Amino acid sequence: MIAEWEAEGNVIPPYVPPEPPPATYRLFKSVFISRLTEQEAVAMEAVLAAADAKLRLMFNSVEYFVSDDPLFATLHTAVAAALGEARADELLTAQ
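The rules behind these values
Residues numbered from 1 in each chain as written. Predicted model: local features only at pLDDT ≥ 70, side-chain atom pairs only at ≥ 80, totals over all residues. Heavy atoms only, no water. Core = buried A, V, L, I, M, F, W, Y, C linked by side-chain atoms within 4.5 Å. Buried < 20%, exposed > 50% of the residue type's maximum accessible area, 1.4 Å probe, protein only. Contact = heavy atoms within 4.5 Å. Axes fitted to C-alpha atoms, helices over the stretch in contact; angles between N-to-C directions. Helix = DSSP H or I, 4+ residues; strand = E, 2+ residues; numbered from the N terminus. Parallel < 35°, antiparallel > 145°, perpendicular 65-115°, else oblique. Left-handed = near helix turned anticlockwise from the far one by under 90°. Nonpolar A, V, L, I, M, F, W, Y, C, P; charged D, E, K, R; others polar. Patch = residues over 30% accessible without salt bridge, like charges linked within 9 Å, V, L, I, M, F, W, Y side chains within 5 Å. Areas by Shrake-Rupley, 256 points an atom, 1.4 Å probe, with all protein chains shown as cover. Salt bridge = Lys/Arg side-chain N within 4 Å of Asp/Glu carboxyl O. Expected span 1.5 Å × (residues − 1). Arc of directions from axis to C-beta.

Student: How would you summarise the nonpolar core if you had to cite specific residues and measurements?
Tutor: With 15 residues, the main nonpolar core has F32, F59, F65, L75, V79 and L92 as its most contacted residues. Look past the residues within four positions of F65 in its chain and what remains in contact with it is Y25, R26, L27, K29, F32, F59, L71, F72 and L75.

Right, dumping it as structure tokens:
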């Protein structure tokens, strides 16, 4: 059946493996904070102050963020909302 299908001019495209997921990395909270400007730090303090208690506790208790952790995604969303998507990517990039 496949041979007939190919004889009609059809071609099976070559296998293209999917892109591997991005490498997981750790970003120390101190590095993230040191990358902030003074104005950005003030904005992030306001974002954290408005966050729910569980998120504030999680943010304050960790030493580093892991890029595949749900907290990292939440942090990226919060930073992007406060400072823009491009700046969030810069601040949360691997060291």
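Student: Explain the packing of helix α3 (residues 38-50) against helix α5 (residues 70-83) to me, using residue names and the numbers behind them.
Tutor: For the pair α3 and α5, the least separation of the axes is 10 Å and the interaxial angle reads 125°. Relative to α5, the element α3 lies oblique. Viewed along their axes, α3 and α5 form a crossing whose handedness is right-handed. On α5, the residues touching E40, A43, M44 and V47 of α3 are A78, V79, A82 and L83. In the contact of α3 with α5, the residues fall into seven nonpolar, no polar and one charged.

Student: I'd like a description of a nonpolar patch on the surface, backed by residues and values.
Tutor: Together, I2, W5 and I12 make up a nonpolar patch on the protein surface, roughly 310 Å² of accessible area in all. Within the secondary structure, I12 sits in the loop between α1 (2-7) and β1 (26-28).

Student: Give me the lowdown on α3, citing residues and values where you can.
Tutor: With 13 residues, α3 extends 19 Å between its outermost C-alpha atoms, agreeing within 8% with the 18 Å of an ideal straight helix rising 1.5 Å per residue. Within the sequence span of α3, burial applies to E40, M44 and L48. Along α3, the residues classed as buried sweep out an arc of 75° about the axis, all on the same side. Across α3 from its buried face, at more than 90 degrees, point the exposed residues E38, Q39, E45, A49 and A50. Those residues of α3 hidden inside the fold are in contact with α2 (29-35), α4 (53-61), α5 and α6 (85-91).

Shape is all these values report; function is a separate question.
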